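Letter by letter, the chains look like this.
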Amino acid sequence: MDVMVEKEIGNINEIVQSKLSSISKLKRKENASFKIEYDSILFDNSSVGTILKNAAEHQFFVYKDLSDKQQHVIGMSLNSIIDISDETKDSQKQYFTETQWRTIKSTYKTKKSSPSDEFEELLTNINKEIKEPDLKKAYILARRSELNNLNSDKEWIFAVYSHIINIYRKKTTILQPARNSTELDCLIKIWGEILETWGESQSSHNGYKIDCRIIYIHNDKEVDICDVEAARYMFTKKTNNDHLKLCIESKDIIDFIVKNSSNFDPEEVNIYMIQICANICEVKSLRLCDKGLYCVESLYDLTVPTSIDFGKISNEWFSSLLLLKENCLKISKYINEKKKKHIICTSTAQQTKKKIMKIGLDKLSTLPEMKILLSCQVFFMAQIKKSLKKQQRSK
């Protein structure tokens, strides 16, 4: 009897030791998985990046059970990106106190450029007719001004303004989302003339499909310098996914510049990213704000009003558009400072088609509208592959 009791006690001890061993292994694994980042702002001896990454890793085990917004926050945090433009309760702000969040914002927030006054006097007469409203007269004035400023640095302003006025004249329905429309409808009909880019193209840094991208040709390689995502509706899941995609792609652009630029300045390099839904257009920026930490903040609103109120915002709107284009020019110069002449492109692709439009950066300083200077090259790569496969089968 005593022998059996001793044997049972021995078995129990083995089970307990086994459990303790498993627990200690889990503890060691947990401690080993604790991530330490080296950015400068510390709260209770933990940096902002450390707090974000470990909070995200802790939630990652239940990732599939989380809401779209929670998954978005995890994606941002695991990529060491903090979005100080998102003030909602379920944003990354949830990981910090109000005082800590204010410290983060005051430290990483950049000073925005003030809108230029150069457009106010330039557009006075056109704005006056829009306020009447006399769209026909406003359109004539804009087109006439465009002709009077051919080949000057002001031609693009009146060309874009003419396009916007014409939307109010004949295409007001595209300013609002419609069930039978696609994201490409608004991207082409509204923003194609403004950005002179459209379609879907694959990112040069990763496998993401980007609706629209501005690229730079570096050693015969396409390098993204600004990306655009469009949506039919402002659904949370779609906009969150697009936002995360743009952030990761913009982070990759910065990483590429760091590796290839001989004069990288984190204070100067801001990668702009654009989200569009019908007439709504929001411009944000991403930059390397600290050691291994990237920061997203809101910059400009390029939304085209649904009502005829564009004249009231035209000065600020055109100033913001100009700043966007000038930033693309500045980013491209960081990639290769040695070459005297660069090529900047707006590259697009839709299904089997891929269109590339090139312009010289030396001319861009006088033509900030990124006007197409060379003919469009169209490649039907998918069709060529299909024809080659058919030929091989026939043989």
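Not measured: the values here are computed from a predicted model. (Residues numbered from 1 in each chain as written. Predicted model: local features only at pLDDT ≥ 70, side-chain atom pairs only at ≥ 80, totals over all residues. Heavy atoms only, no water.)

Chemist: I would appreciate a short explanation of the nonpolar core in the present structure.
Modeler: Nonpolar side chains tend to gather and get buried jointly when the protein is soluble and globular. In terms of nonpolar packing, the biggest core is built from 71 residues, with Ile 126, Ile 165, Trp 191, Ile 276, Trp 317 and Phe 318 touching the most fellow members. Take this core: its biggest share by element is 11 residues, from helix 12 (residues 310–335). Counting 17 residues, the second-largest nonpolar core is a separate cluster that includes Val 48, Leu 52, Val 73 and Tyr 95. (Core = buried A, V, L, I, M, F, W, Y, C linked by side-chain atoms within 4.5 Å. Buried < 20%, exposed > 50% of the residue type's maximum accessible area, 1.4 Å probe, protein only. Helix = DSSP H or I, 4+ residues; strand = E, 2+ residues; numbered from the N terminus.)

Chemist: Please clarify how the side chain of Ser 285 should be interpreted in this entry.
Modeler: Within the secondary structure, Ser 285 is located in strand 9 (residues 280–290). The contacts of Ser 285, once residues within four sequence positions are left out, are Asn 270, Ile 271, Tyr 272, Met 273, Cys 295, Val 296, Glu 297 and Leu 299. (Contact = heavy atoms within 4.5 Å.)

Chemist: For this particular structure, what's the right way to read the environment of Lys 189?
Modeler: Tracing the backbone shows Lys 189 in helix 9 (residues 183–189). Residues Lys 189 and Ala 278, spaced 89 residues apart in sequence, show a C-alpha to C-alpha distance of 9.5 Å. Excluding anything up to four places from it in sequence, Lys 189 contacts His 163, Ile 167 and Ile 174.

Chemist: Is there a simple way to explain the pattern of salt bridges in this structure?
Modeler: Opposite charge on two side chains lets them pair, provided their charged atoms get close. Summed over the entire model, instances satisfying the criterion amount to 14 salt bridges. Close ionic contact of Glu 37 with Lys 53 constitutes a salt bridge, the shortest N to O distance being 3.5 Å. Taken together, the residues span a long stretch of sequence, with Glu 37 in the loop between helix 1 (2–32) and strand 1 (42–43) and Lys 53 in helix 2 (residues 48–60) at a distance of 16 residues. We classify Lys 53 as buried; its relative accessible area is 15%. (Salt bridge = Lys/Arg side-chain N within 4 Å of Asp/Glu carboxyl O.)

Chemist: Looking at this structure, I do not really get the pairing of strand 10 (residues 293–301). What am I missing?
Modeler: Of all nine residues that make up strand 10, seven are buried, and the element is covered over most of its length. Examined bridge by bridge, strand 3 (residues 81–83) and strand 10 share three bridges and lie parallel to one another. Across the sheet, the residue bridging to Asp 83 is Val 296, located in strand 10. Counted along the chain from strand 9 to the antiparallel partner strand 10, the turn is two residues long, and its residue Gly 292 has a positive phi close to 70°. (Pairing = 2+ DSSP bridges.)

Chemist: Quick question: what am I supposed to make of the packing of helix 8 (residues 155–170) against helix 12 here?
Modeler: Any two packed helices are characterised by how steeply their axes cross, that is the angle between the axes, and by the distance between the axes. Interhelical geometry of helix 8 versus helix 12 gives an angle of 135° and a closest axis separation of 12 Å. Taken together, the axes of helix 8 and helix 12 lie oblique to each other. Handedness of the helix 8/helix 12 crossing: right-handed. When helix 8 is examined against helix 12, the residues Trp 156, Ile 157, Val 160, Tyr 161, Ile 164 and Tyr 168 are found in contact with a partner set consisting of Phe 310, Gly 311, Ser 314, Trp 317, Phe 318, Leu 321 and Leu 322. Among the residues making up the contact of helix 8 with helix 12, the classes are represented as 11 nonpolar, two polar and no charged. (Axes fitted to C-alpha atoms, helices over the stretch in contact; angles between N-to-C directions. Parallel < 35°, antiparallel > 145°, perpendicular 65-115°, else oblique. Left-handed = near helix turned anticlockwise from the far one by under 90°. Nonpolar A, V, L, I, M, F, W, Y, C, P; charged D, E, K, R; others polar.)

Chemist: How should I be thinking about the packing of aromatic side chains in this particular structure?
Modeler: Here a ring pair, both rings aromatic, is described through the centre-centre distance and the interplanar angle of the planes. Under the defined criterion, the tally for this structure stands at 12 aromatic pairs. With a centroid separation of 6.1 Å and an interplanar angle of 65°, the aromatic rings of Phe 43 and Phe 96 are classed as edge-to-face. Of this pair, Phe 43 sits in strand 1 while Phe 96 is found in the loop between strand 3 and helix 4 (98–108), placing the two residues 53 residues apart along the sequence. You'll find Phe 43 and Phe 96 in the same group, each marked buried. Ring-pair connections join several aromatic residues into one group, and the members of that group are Phe 119, Trp 156, Tyr 161, Phe 310, Trp 317 and Phe 318. One Lys or Arg, Arg 169, reaches over the ring of Tyr 139 and ends 4.6 Å from the middle of that ring. (Phe/Tyr/Trp six-rings, centres within 6.5 Å; stacked < 30°, edge-to-face > 60°. Lys NZ or Arg CZ within 6 Å of the ring centre and 35° of its normal.)

Chemist: Quick question: what am I supposed to make of a negative patch on the surface here?
Modeler: A surface patch of negative charge is lined by Asp 117, Glu 118, Glu 120, Glu 121 and Glu 326. A total of three residues in the negative patch trace back to one element, the largest contributor, which is helix 5 (residues 118–122). With respect to the secondary-structure elements, Glu 120 resides in helix 5. (Patch = residues over 30% accessible without salt bridge, like charges linked within 9 Å, V, L, I, M, F, W, Y side chains within 5 Å. Areas by Shrake-Rupley, 256 points an atom, 1.4 Å probe, with all protein chains shown as cover. Lys, Arg positive; Asp, Glu negative; His and termini not counted. Charge placed at Lys NZ, Arg CZ, Asp CG, Glu CD.)

Chemist: When you look at the packing of helix 3 (residues 68–78) against helix 11 (residues 236–260) in this model, what are you seeing that I'm missing?
Modeler: Interhelical geometry of helix 3 versus helix 11 gives an angle of 5° and a closest axis separation of 9 Å. Between helix 3 and helix 11, the crossing angle belongs to the class labelled roughly parallel. Across the interface between the two elements, Asp 68, Lys 69, His 72, Gly 75 and Met 76 of helix 3 pack against Lys 237, Asn 240, His 243, Leu 244 and Cys 247 of helix 11. In terms of residue class, the contact of helix 3 with helix 11 is built from three nonpolar, four polar and three charged.

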